[in-house]
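# Remarks on the overall topology
Given next are the chains, with one letter for each unit.
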Amino acid sequence: TSAALTMFFDVYPPEQSPRLVALCNGTIGGLMALAPLLGNWISLNLGWRVNFYLIAALASLSCFCVYA
């Protein structure tokens, strides 16, 4: 995470960097808080296997974005 923060401070001007770091931290924190609720909803309504398919799809998308 410190590499991501360093990128914000290197790429963006000093006036904009703190706002972007706060937005990023708030978004990540909020999504981490919602993940168990979303996972439970998916399991109850779509079946527990869908959680694994979703994780596999997101991991594949992440790898594609990193290596593309």
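Residues numbered from 1 in each chain as written. Predicted model: local features only at pLDDT ≥ 70, side-chain atom pairs only at ≥ 80, totals over all residues. Heavy atoms only, no water.

## A look at the overall build of the protein
Where we set the bar: Strands here mean DSSP runs of E at least two residues long; helices mean DSSP runs of H or I at least four residues long; both are numbered from the N terminus. Only C-alpha atoms enter the radius of gyration, while the globule expectation follows 2.2 Å times N to the 0.38, with N the number of residues. Whether a residue is buried, partly exposed or exposed follows from its accessible area with a 1.4 Å probe, protein chains only, as a fraction of its type maximum: under 20%, in between, or over 50%, in that order. Residue-level accessible areas treat just the shown protein chains as cover; the underlying method is Shrake-Rupley with a 1.4 Å probe.
From N to C terminus, the protein includes three helices and zero strands. In the protein, the succession of α and β elements from N to C terminus is α-α-α. Taking 11 Å as the expected radius of gyration for a compact globule of 68 residues, we find that the protein reaches 16 Å, considerably beyond that expectation. A principal-axis box enclosing the C-alpha atoms of the protein has dimensions of 45 × 30 × 15 Å. Out of the 68 residues belonging to the protein, those deemed buried represent 9%. For the protein, the exposed surface amounts to about 5,700 Å²; the carbon and sulfur share of it is 73%.

## Section: the environment of Ile 55
By the secondary structure assignment, Ile 55 is in helix H3 (residues 48-67). Residue classification places Ile 55 among the exposed positions, given a relative accessible area of 55%. The spacing of Ile 55 and Thr 6 is 49 residues in sequence and 28 Å in space, taken between C-alpha atoms.

## Some thoughts on the packing of helix H2 (residues 17-46) against H3
What counts here: Here an angle of 0 to 180 degrees is reported between the N-to-C directions of two axes, which are lines fitted to C-alpha atoms, with helices fitted over the stretch in contact. If an angle is under 35 degrees, it is roughly parallel; if it is over 145, roughly antiparallel; if it lies from 65 to 115, roughly perpendicular; otherwise it is oblique. Whether two residues are in contact is decided by their heavy atoms, any of which lying within 4.5 Å being enough. When residues are sorted by character, Ala, Val, Leu, Ile, Met, Phe, Trp, Tyr, Cys and Pro go into the nonpolar class, Asp, Glu, Lys and Arg into the charged class, and all the rest, Gly among them, into the polar class.
In contact at an axis separation of 6 Å, H2 and H3 are set at 130° when each is read in the N-to-C sense. Judged by the angle between their axes, H2 and H3 are oblique. Contacts from Gly 39, Ile 42, Ser 43 and Leu 46 of H2 reach H3 at Trp 48, Val 50, Asn 51 and Leu 54. The class makeup of the residues in the contact of H2 with H3 is five nonpolar, three polar and no charged.

## Details of the side chain of Ser 17
Considering the arrangement of structural elements, one finds Ser 17 in helix H2. In this structure Ser 17 comes out as buried when scored by relative accessible area, which is 1%.

## With respect to the confidence of the model for the protein
Test applied: Predictor confidence is given residue by residue as pLDDT, running from a minimum of 0 to a maximum of 100.
Taken residue by residue, the protein gives an average pLDDT of 91. The fraction at 70 or more is 99%. For the protein, per-element mean pLDDT is lowest for helix H1 (residues 2-11), which scores 82, and highest for H3, which scores 94.

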